[in-house]
Amino acid sequence: STPLYSSAASDVYKRQIYNPAGEAVDWHVEFTEEQRIYKIWNASYSQNGGVVRAEGLSWNNEIDAKGSLSFGFCADADDKVDEAADASQGDRDAE
């Protein structure tokens, strides 16, 4: 995906999640990212190689029916992930 902001050292991304269901749902998403994530807000995450799983925190773990939310993260432009390696895990509140 295209970063919101990019520098020589890092890229900043924003992800928007929409719940099309007629009821609230606990949310999580999985996506691929070739750079190592080092900061995330409005979600917790784990990164295993290029696969990232993000999910809600205690205060935003549910998306209302027909609702949406967003989270963002910073990825290190100089640190490409090893597809076979486990990477860091994080848990951050909104800043």
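Residues numbered from 1 in each chain as written. Predicted model: local features only at pLDDT ≥ 70, side-chain atom pairs only at ≥ 80, totals over all residues. Heavy atoms only, no water.

*Asks:* Even after reading the chapter, I still don't get the overall build of the protein chain, so can you show me in this structure?
*Replies:* A count of helices and strands for the protein chain gives 0 helices and 10 strands. The order of α-helices and β-strands along the protein chain, N terminus first, is β-β-β-β-β-β-β-β-β-β. Evaluated residue by residue, the protein chain yields a buried proportion of 38% over its 95 residues. Pairs at least 24 residues apart make up 72% of the contacts formed inside the protein chain by residues separated by at least 6 positions. For the protein chain, the computed accessible surface area is about 5600 Å², with 44% contributed by carbon and sulfur atoms. (Helix = DSSP H or I, 4+ residues; strand = E, 2+ residues; numbered from the N terminus. Buried < 20%, exposed > 50% of the residue type's maximum accessible area, 1.4 Å probe, protein only. Contact = heavy atoms within 4.5 Å. Areas by Shrake-Rupley, 256 points an atom, 1.4 Å probe, with all protein chains shown as cover.)

*Asks:* Teacher, can you tell me more about the environment of serine 58 here?
*Replies:* Within the element layout of this structure, serine 58 appears in the loop between β7 (51–55) and β8 (62–63). For serine 58, a relative accessible area of 73% translates into the label exposed. Sequence separation between serine 58 and asparagine 42 is 16 residues, and the spatial gap between their C-alpha atoms is 9.9 Å.

*Asks:* What am I meant to see in the pattern of salt bridges here?
*Replies:* Opposite charge on two side chains lets them pair, provided their charged atoms get close. Summed over all chains, the structure comprises 4 salt bridges. For the salt bridge of arginine 53 with glutamate 30, the shortest nitrogen-to-oxygen distance reads 3.9 Å. Taken together, the residues span a long stretch of sequence, with arginine 53 in strand β7 and glutamate 30 in strand β4 (residues 28–32) at a distance of 23 residues. Its relative accessible area of 55% is what places glutamate 30 among the exposed residues. Note that glutamate 34 and lysine 80 form a salt bridge whose closest N and O atoms lie 3.5 Å from each other. Separated by 46 residues along the polypeptide, glutamate 34 in the loop between β4 and β5 (35–41) and lysine 80 in strand β9 (residues 68–80) bring together distant segments of the chain. By relative accessible area, lysine 80 is classed as partly exposed at 46%. (Salt bridge = Lys/Arg side-chain N within 4 Å of Asp/Glu carboxyl O.)

*Asks:* What is the right way to look at the confidence of the model for the protein chain in this model?
*Replies:* Atomic detail in the predicted coordinates should be set aside for any region of low pLDDT. Residue-level pLDDT values for the protein chain average 85, and 83% of them are 70 or greater. Predicted confidence is poor over residues 86–95, with pLDDT under 50, and the contacts of this stretch with residues over four places away or in other chains come to 29 contacts. (pLDDT = per-residue confidence, 0-100.)

*Asks:* Looking at this model, I keep getting lost on the nonpolar core. Mind explaining?
*Replies:* Side chains of a nonpolar character, in soluble globular proteins, are inclined to be buried together. Formed by 15 residues in total, the largest nonpolar core has its most connected members in Trp27, Phe71 and Phe73. Elements with a contribution of two residues or more to this core: β2 (10–18), β5, β6 (43–48), β7 and β9. The biggest single contributor to this core is β9, with 4 residues. (Core = buried A, V, L, I, M, F, W, Y, C linked by side-chain atoms within 4.5 Å.)

*Asks:* Explanation requested: the environment of valine 52 in the structure shown.
*Replies:* Here valine 52 shows up in strand β7. Discounting chain neighbours no more than four positions away, the residues touching valine 52 are Val29, Glu30, Phe31, Glu33, Ile37, Tyr45, Ser46 and Gln47.

*Asks:* How should I be thinking about unusual backbone geometry in this particular structure?
*Replies:* Trans peptide bonds make up most of the peptide bonds, and negative phi angles are found at most residues other than glycine. You will see that asparagine 42, though not glycine, has its phi angle at about 70°, which is positive. Along the polypeptide, asparagine 42 turns up in the loop between β5 and β6. With a relative accessible area of 17%, asparagine 42 lands in the buried category. Even without glycine at this site, lysine 66 takes up a positive phi of about 60°.

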